[in-house]
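Read off the chains here:
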Amino acid sequence: MRWDNLTANPADSDRPADHAGPRDRAAPAAPGDPGEGAGTGRPADAALFGADAVTTRTFDTPEFAGITFHEIRARSIINRVPGASRMPFEWTVNPYRGCTHACVYCFARKTHSYLDLDTGLGFDSQIVVKVNAPELLRRQLASRRWQGEHIAMGTNVDCYQRAEGRYRLMPGILSALRDYANPFSILTKGTLILRNLDLLVQAAEVTDVGVSVSVGFTDPELWRTVEPGAPAPERRLDVVRTLGEHGIGCGVLMAPVIPFLGDHPDQLRATVRAIAAAGATSVTPLTLHLRPGAREWFMAWLTHHHPHLVRRYERLYADGAYAPKWYQRRITRQVHDLAQEYGIGPTHRTSHRRIPPSPPAPASPEPVQLSLI
């Protein structure tokens, strides 16, 4: 295992995950985050940590059966996204690498190869934990070099994956961002975010906070096979509903829309209807893309579960990682039409909602008609 390979070099870095933003499927692939420590003044090839700083653990509990955690003390936690990536954000924080959601399509799988770790089952079960992430972030936010820019989380792997239930890194991270009134956004499939609801509300009182939940489909059979470690879609939509009830508007990335398995008009309608019923502020469809690392793993899964679709996928993705533009446009148009029908619409990822000050108490107890959006 080559822990020395986790460096600040662009070729050996954390990269935005499969559900990271609109450009994932609408624009050319980004070269990726240059890695922790970018912008800190350290040499570009400085290792994030030494091999002697790694502690490997397993836990004898059902929820962590077969999972190995590699605890490390990182040297930096704020990553700079290169301008060429065309991401709608410049800075990211990723407290974990590898993901127990085990989504077969996740292109962050490739990053495990930089550590000589397997990009298939190894990505699902060998989890790198930056145990000092909260204290490190607080120190970096306090630096005079830091200008208080927006920080995006969940752009590589989910910061609310199952490991967060054990390590609880996010409360310290959110507390630091709140205390420095630093704007941030979170993209997640995890219901563990509700454990930090109070911190999110507190942070939204002093800075811009954006939350998006990834729900590509509501088909339970599809979920069980392509996202076996992630919470069920209806539980994620409960997160959207709960956040909205507490004044935090939550958008939904309808990602990924999986060709021939989750793109039937009836499936799209059912998903958008459920998203609208949960009170989402927006819905943004993103079609599946298959980059090296994820492509091999997904195609192996497809061969096992849906062998009759292999040739269709080879044709659809013959030109690279992305589905053809005509297919992407068709899905986007269908979802946007449905969103309009159900009273929701797309917004830009760069727009983040902020909880407004509490209004004064009404002078009379007359009932007020609330709007759905």
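Bear in mind the structure is a predicted one, so any value in this text is a computation, not a measurement.

K.L.:
Describe unusual backbone geometry, with residues and values.
P.N.:
Look at the link from A255 to P256: it is a cis peptide, with omega at -10°. With respect to the secondary-structure elements, P256 resides in strand β10 (residues 250–257). Despite not being glycine, A181 has its phi angle at roughly 50°, a positive value.

K.L.:
Account for helix α10 (residues 294–305), naming residues and giving values.
P.N.:
Since there are 3.6 residues in each turn of an α-helix, residues three or four apart along the chain are aligned in direction. A rise of 1.5 Å per residue sets the reference length of α10, with its twelve residues, at 16 Å; its end C-alpha atoms lie 16 Å apart and thus fit the reference within 8%. For α10, the complete set of buried residues consists of A294, F298, M299, W301 and L302. The buried residues of α10 all sit within an arc of 160° when viewed along its axis, so they share a single face. Turned more than 90 degrees from where α10 packs its buried face, E296 and H304 sit exposed. On its buried side, α10 packs onto α7 (220–226) and α11 (310–316).

K.L.:
Could you give an account of the confidence of the model for the protein, naming the residues involved and the relevant values?
P.N.:
Do not read the predicted coordinates in detail wherever pLDDT is low. Per-residue confidence for the protein averages 82 on the pLDDT scale, and 77% of its residues sit at or above 70. Contacts from residues 2–50, a stretch scored under 50 in pLDDT, to residues over four places away or in other chains number 175 contacts. Predicted confidence is poor over residues 346–373, with pLDDT under 50, and the contacts of this stretch with residues over four places away or in other chains come to 35 contacts.

K.L.:
So, the packing of aromatic side chains: which residues are in play, and what are the values?
P.N.:
Taken as a whole, this structure holds eleven aromatic pairs when the rule is applied. Judged by centre distance (5.8 Å) and plane angle (10°), the rings of Y313 and Y317 are stacked. Since its relative accessible area comes to 1%, Y313 is described here as buried. Judged by relative accessible area, which is 1%, Y317 ranks as buried. Seen from their ring centres, W326 and Y327 are 5.9 Å apart, and the 85° between their planes marks the pair as edge-to-face. Cluster of aromatic residues (ring-pair linked, three or more members): F260, F298, W301, Y313 and Y317. In this structure, R291 is placed above the aromatic ring of F107, and the distance from its NZ or CZ to the ring centre is 3.9 Å. Over the face of the ring belonging to F260 we find R312, whose NZ or CZ atom lies 3.9 Å from the ring centre.

K.L.:
Please give an account of the sheet that holds strand β4 (residues 91–93) that cites residues and values.
P.N.:
Judged by pairing direction, the sheet is mixed, and its seven strands sit side by side in the order β3-β4-β7-β8-β9-β10-β11 without closing on themselves. The two strands at the open ends of the sheet, each matched to only one other strand, are β3 (78–80) and β11 (283–287). Neighbour to neighbour, the strand axes of the sheet diverge by 25° on average, direction disregarded. Of the strand pairs in this sheet, β4 and strand β7 (residues 151–153) are connected by three bridges, and their pairing is parallel. Within β7, the position partnered with V93 by the bridge is M153. Against the sheet, helix α5 (residues 170–179) contacts β4, β7 and β8 (184–188), and its axis sits at roughly 160° relative to β7. The sheet strands contacting helix α8 (residues 233–245) are β9 (209–214) and β10, and the helix crosses β9 at an angle near 155°.

Parameters at a glance
- Along each chain, numbering runs from 1 in the same order as the chain's sequence is written.
- In keeping with the predicted nature of the model, local features appear solely for residues at pLDDT of at least 70, side-chain atom pairs appear and are counted solely at 80 or more, and the whole-chain, interface and lining totals rest on all residues.
- Heavy atoms throughout the structure, all of them, feed into the side-chain values; hydrogens and water do not.
- Numbering goes from the N terminus for both helices and strands, where a helix is a DSSP run of H or I of at least four residues and a strand is a run of E of at least two.
- The span you would expect from a helix comes to 1.5 Å times its residue count less one.
- Three exposure classes are used, based on accessible area relative to the maximum for each residue type with a 1.4 Å probe and protein chains only: buried under 20%, partly exposed in between, and exposed over 50%.
- Here, the arc refers to the directions that run from the helix axis to the C-beta atoms.
- Whether two residues are in contact is decided by their heavy atoms, any of which lying within 4.5 Å being enough.
- Across the chain, each position has a pLDDT score giving the predictor's confidence in that residue, from 0 to 100.
- Pairing of aromatic side chains here covers Phe, Tyr and the six-membered ring of Trp, requires ring centres within 6.5 Å, and sorts the geometry by plane angle: under 30 degrees stacked, over 60 edge-to-face, intermediate tilted.
- Geometrically, a charge over a ring is one whose NZ (Lys) or CZ (Arg) sits within 6 Å of the ring centre while staying within 35 degrees of the ring normal.
- At least two DSSP bridges between two strands are required for those strands to pair.
- Every angle, taken between N-to-C directions, lies between 0 and 180 degrees, and every axis is a line fitted to C-alpha atoms, over only the stretch in contact when it is a helix.

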